[in-house]
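Close look at the chain arrangement
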Amino acid sequence: MLKIAYHDIYKHSLPEGHRFPMIKYELLPEQLIYEGTCTLSHFFKPNIPEDKHVLRVHTEAYYQNLQNLTLDARATRKIGFPLSAALVKREIIIADGTIKASTYALQYGIAMNIAGGTHHAYSNRGEAFCMLNDQAIGAHYLLNKNLVKKY
């Protein structure tokens, strides 16, 4: 069965006229249900993962600055979003969605995260609308739990 990570927090509000199409995170699940591709039973709700999973990929200094909203203006500009506690929480929950989708993919052969794929984030900074690298966090989770092997 296809498992899909989705949380209402994915629908983060941005200032009017912002260039990032945030509405897609609201429309994607609606469309999948409307066209009959999925039902509500396909969706699961991620939560906040343990910090240790994020810290396997991101530096503690960067992660703390992100959580404390103390990134400098230049670092925030590179991310492309106005920094807020709600946005940071959203990014952390996205990471958990990818962690859980990764384990579901192993179990069911397929899974996804509606807001996943934030692969432009580096260990010590975010860029291009990506604050955390959920793909790397998911991969490190699987490696750490010995669910996959590194080649």
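Note that the coordinates shown come from a computational prediction; the quantities given were computed from them, not determined experimentally.

1. Concerning the layout of surface pockets
Reported here for the largest pocket is a volume of approximately 160 Å³. Lining of the largest pocket is provided by Tyr62, Asn65, Thr70, Leu71, Asp72, Arg74, Ala75, Lys78, Asn124 and Arg125. For the lining of the largest pocket, the secondary structure elements donating two or more residues are α3 (60–67) and α4 (73–79). Here the residues of the lining of the largest pocket are counted per class, giving 3 nonpolar, 3 polar and 4 charged.

2. Observations concerning the side chain of Thr76
Following the sequence through the fold, Thr76 ends up in helix α4. Sequence-distant contacts of Thr76, defined by excluding residues within four places in its chain, comprise Leu71, Phe81 and Leu83.

3. What about the side chain of Asp96?
With respect to the helices and strands, the residue Asp96 is situated in helix α5 (residues 85–108). Apart from the residues within four sequence positions on either side, Asp96 is in contact with Pro46, Asn47 and Pro49.

4. Brief notes about α5
Its 24 residues give α5 an end-to-end C-alpha distance of 34 Å, which sits within 8% of 34 Å, the value for a rise of 1.5 Å per residue. Two residues or fewer after α5 comes Gly109, characterised by a positive phi angle close to 90°.

5. Quick notes on unusual backbone geometry
One non-glycine residue, Phe129, lies in positive phi territory at about 65°. The residue Phe129 is located in the loop between β3 (111–113) and α6 (134–144) in this model. Backbone geometry places Asn146, a non-glycine residue, at a positive phi of 60°. Within the secondary structure, Asn146 is located in the segment after α6.

6. Side note on the sheet that holds strand β2 (residues 43–44)
Spatial ordering of the open sheet is given by β2-β1-β3, a layout of 3 strands whose pairing is parallel. Across the chains shown, the open sheet's two edge strands, defined by having one partner strand only, are β2 and β3. Two strands pair when backbone bridges link them, and strand β1 (residues 3–5) and β3 are joined in this way by 3 bridges, in the parallel orientation. Following the sheet pairing, Ile4 is matched in β3 by Met112.

7. Let's talk about the nonpolar core
If you look at soluble globular proteins, the nonpolar side chains tend to sit buried side by side. Counting 37 residues, the largest nonpolar core has Tyr10, Phe81, Ile114 and Leu132 as its most contacted members. Counting only elements with at least two residues in this core, the list comes to β1, α1 (24–34), β2, α3, α5 and α6. Here the element with the most residues in this core is α5; it accounts for 8 residues. Setting aside its immediate chain neighbours within four residues, Leu132 contacts Val54, His58, Tyr62, Tyr63, Leu66, Glu91, Ile92, Thr118, Ala121 and Ile137.

Rules and cut-offs
- Residues numbered from 1 in each chain as written.
- Predicted model: local features only at pLDDT ≥ 70, side-chain atom pairs only at ≥ 80, totals over all residues.
- Heavy atoms only, no water.
- 1 Å grid on protein atoms, 1.4 Å probe; cavity = no way out; pocket = protein on both sides within 12 Å on 5 of 7 lines; lining within 4 Å.
- Points joined across faces, edges and corners; volume = space filled by probe spheres on them.
- Helix = DSSP H or I, 4+ residues; strand = E, 2+ residues; numbered from the N terminus.
- Nonpolar A, V, L, I, M, F, W, Y, C, P; charged D, E, K, R; others polar.
- Contact = heavy atoms within 4.5 Å.
- Expected span 1.5 Å × (residues − 1).
- Pairing = 2+ DSSP bridges.
- Core = buried A, V, L, I, M, F, W, Y, C linked by side-chain atoms within 4.5 Å.
- Buried < 20%, exposed > 50% of the residue type's maximum accessible area, 1.4 Å probe, protein only.

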